[in-house]
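# Structural description and commentary
Read off the chains here:
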Amino acid sequence: MSQSIVGQRIYINEVGVRDGFQIEKTFIPTETKVAFIDQLSRTGLVKIEVTSFVHPTFVPNMADAEAVLANIERNADVIYTALTPNIRGMQRAVTCHQSGAKIDEMNLFMSASETHNMANVKRTTAQSLEDFAVMVPMAKAAGIKLNGCVSTSFGCPFEGAVPEARVLDFAARYIELGFDGVTFADTTGMANPRQVERMMRAAMQRFPQTEVTLHFHNTRGMGLANVVAGITAGVTHYDASIAGLGGCPFAPGATGNISTEDLVNMLQDMGFDTGIDLDKLLAAAIKIPLIVGHEVPGQVMKAGKTMHLHSVPEKLYTA
Ligand code: ZN
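Along each chain, residue indices are assigned from 1 in the same order as the chain's sequence is written. Note on the predicted model: pLDDT of at least 70 is required for a residue's local features to be given, and 80 or more for side-chain atom pairs to be given and counted; whole-chain, interface and lining totals, by contrast, use all residues. Calculation of side-chain values draws on the structure's entire complement of heavy atoms; hydrogens and water are dropped beforehand.

### Structural notes on the overall build of the chain
Spelled out, the test is: By definition, any uninterrupted DSSP run of H or I lasting at least four residues is a helix, any uninterrupted run of E lasting at least two residues is a strand, and each is numbered from the N terminus. As a reference, a globule follows 2.2 Å times the number of residues to the power 0.38, and the radius of gyration itself is taken over C-alpha atoms. Relative accessibility decides the category of a residue: with a 1.4 Å probe and only protein chains considered, values under 20% of the type maximum give buried, values over 50% give exposed, and everything between is partly exposed. Any two residues whose heavy atoms approach within 4.5 Å are treated as being in contact. Here Asp and Glu are counted as negative and Lys and Arg as positive; His is not counted, and neither are the chain ends. Charge positions come from single atoms, namely NZ of Lys, CZ of Arg, CG of Asp or CD of Glu.
Scanning the chain for helices and strands turns up 13 helices and eight strands. Taken against the 2.2 N^0.38 rule, which gives 20 Å for 319 residues, the C-alpha radius of gyration of the chain at 19 Å falls within 12% of a compact globule. Counting all 319 residues of the chain, 54% fall into the buried class. Put simply, 76% of the contacts in the chain that link residues at least 6 apart link residues at least 24 apart. Averaging the locations of the 26 positively and 32 negatively charged side chains of the chain gives two centres separated by 2 Å.

### Remarks on helix α8 (residues 193–206)
The test is simple: Working rule for helices: expected span equals 1.5 Å times residues minus one. As used here, the arc is the angular range of directions from the helix axis to the C-beta atoms.
For α8, which comprises 14 residues, the first-to-last C-alpha distance of 20 Å matches the rise-based estimate of 20 Å (1.5 Å per residue) to within 8%. Of the residues making up α8, those classed as buried are Q195, V196, M199, M200 and A203. The arc enclosing the buried residues of α8, seen along the axis, measures out at 110°, which places them on a common side. Away from its buried face by more than 90 degrees, α8 exposes R194 and Q205. Turning to α8, the residues buried within the fold contact α7 (164–177), β6 (181–186), β7 (211–216) and α9 (223–232).

### Some points on the coordination of the zinc ion
Short version of the rule: For Na, K and Ca the donor cut-off is 3.2 Å, while for other metals it is 2.8 Å, and in both cases only N, O and S atoms qualify; water is not among them, so sites may look incomplete.
In the first shell of the zinc ion, the protein supplies D19 (OD), H215 (NE2) and H217 (NE2), at 2.1 to 2.2 Å from the metal. On the basis of relative accessibility, which here comes to 3%, the residue D19 falls in the buried class.

### Quick notes on the packing of aromatic side chains
Rules: Between rings of Phe, Tyr and Trp, where Trp is taken as its six-membered ring, a pair exists when centres lie within 6.5 Å; planes separated by under 30 degrees are stacked, by over 60 edge-to-face, and by other angles tilted. Geometrically, a charge over a ring is one whose NZ (Lys) or CZ (Arg) sits within 6 Å of the ring centre while staying within 35 degrees of the ring normal.
In total, this model carries five aromatic pairs according to the counting rule given. When the ring of F21 is compared with that of F36, the centres are 6.3 Å apart and the planes differ by 45°; the resulting orientation is tilted. Placement of F21 in the loop between α1 (16–20) and α2 (30–40) and of F36 in helix α2 is noted, with a sequence separation of 15 residues between them. Joined through ring pairs, the aromatic side chains of F132, Y174 and F179 make up one cluster. Directly above the ring of Y80 sits R74, whose terminal nitrogen or CZ lies 5.2 Å from the centroid.

### Looking at the nonpolar core
Soluble, globular proteins show a tendency: their nonpolar side chains are buried together. This is how the line gets drawn: Among buried residues, the Ala, Val, Leu, Ile, Met, Phe, Trp, Tyr and Cys ones that are joined through side-chain atoms within 4.5 Å form a nonpolar core.
Of all hydrophobic cores here, the largest spans 91 residues; its most connected members are M106, F184 and M200. The element that contributes the greatest number of residues to this core is α7, accounting for seven residues. Counting five residues, the second largest nonpolar core, distinct from the first, contains L83, F109, V121 and A185.

### Brief notes about the side chain of H215
Relative to the elements of secondary structure, H215 occurs in strand β7. Among the residues examined, H215 registers a relative accessible area of 6% and is labelled buried. Beyond its immediate stretch of four places on either side in the chain, H215 contacts V15, R18, D19, T183, F184, A185, D186, D239 and N257.

### What about the pairing of strand β2 (residues 47–52)?
Rules: In short, DSSP must find at least two bridges between two strands for them to pair. Every crossover in which the path from the first strand over the helix to the second runs clockwise, viewed with the strands pointing away from the viewer, is termed right-handed.
With six of its six residues buried, β2 lies for the most part within the structure. Where strand β1 (residues 11–14) and β2 come together, two bridges link them in parallel fashion. In the sheet register, N13 faces β2, and the bridge partner there is K47. As judged from the five bridges shared by β2 and strand β3 (residues 79–84), these two strands associate in the parallel manner. Looking at the pairing, K47 lines up with I79 of β3. Handedness of the crossover is the feature at issue here: the chain leaves β2, passes through helix α3 (residues 65–71), returns alongside β3, and the resulting connection is right-handed.

### Brief notes about the packing of α7 against α8
Using the following cut-off: The axes used here are C-alpha line fits, helices contributing only the stretch in contact, and every angle between their N-to-C directions lies in the interval 0 to 180 degrees. Helix crossings get a hand from a simple test, with the near helix turned counterclockwise from the far one by less than a right angle marking a left-handed crossing and a clockwise turn marking a right-handed one. Note on residue categories: nonpolar means Ala, Val, Leu, Ile, Met, Phe, Trp, Tyr, Cys or Pro, charged means Asp, Glu, Lys or Arg, and polar means any other residue, Gly included.
In contact at an axis separation of 11 Å, α7 and α8 are set at 30° when each is read in the N-to-C sense. Two packed elements cross with a definite hand, and for α7 against α8 that hand is right-handed. Here E164, V167, L168, D169 and A172 of α7 lie close against α8, whose contacting residues are R198, M199, A202, A203 and R206. For the contact of α7 with α8, the class distribution of residues is six nonpolar, no polar and four charged.

### Things to note about helix α10 (residues 260–269)
Most of α10 sits out of view: eight of its 10 residues are buried. Turning to α10, its buried residues number three or more, namely T260, E261, D262, L263, V264, N265, M266 and L267.

### What to know about the pattern of salt bridges
Definition in use: A carboxyl oxygen of Asp or Glu within 4 Å of a side-chain nitrogen of Lys or Arg is what we treat as a salt bridge.
Counted by the stated rule, this structure contains 14 salt bridges. D19 is the salt-bridge partner of R18, the closest N and O atoms lying 3.5 Å from each other. By the burial criterion, R18 is buried, and D19 matches it. A cluster of three or more residues bridged by salt bridges with shared partners is formed by R18, D19 and E49.

Laid out in structure tokens, this is it:
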């Protein structure tokens, strides 16, 4: 990367309250979610995925989607989004939006892998695309923007490698259907930096008018390296999760999104402009273990910012 990147803007979309809270076994009270989203809204984040419209039997922690959206305090600089995989969820989302609990953008998703899509949403990819063709006009008619996520873009835990052309063709189909942006998600942390750079160079060339976002899980420790690879290929939008929360209830071993505060710390050290106040973000992150009742993967929240200096101890034994 050249010096010309210094000061370049990178946009971060917080997904922890959705991708993270959804897998928690204990129900997180709606007031706790609302207060936490309000705190995140004041950190400089550009986008927050606040909830999902999914069947409460499968994802009980998201059962309060409408109540969360109705009670958060809006910051005009933040785009508030919600996720749904199906028509029923879109119907709920549109009703919620029309009742005054506004949703700026809906995020729709399916997997590039046939097996993963069936396991995740009980649909073939063709059926998911048919559903999207119904859902897109519903959102547009209500004035809601649309983002489409291609899950398992960089590998499937059941099938292994997913052909690059297949992933990019799904993104092309999304754009034809009227999606405003496309997210390529590494749902189970199988991506590596070389693969990310190669695929994203192809994506940026093929979809120059579309907002492309990358969504990485740090399952195998390659999350932040994959971000650097994505930036090298020209991608400027990244999903991340406060304190490294996250996973997917229907994907084996899909732990931990990349941590928002670790990502911001790295990008700031590298000279990028994230628009985010890292101290405010860390103040939010340290609340997460109390909210979810267990340890979390975030590293900077434990080690402190890179330039958080220490007094010299008596003895040092470090390599
Ligand atoms: Zn995810």
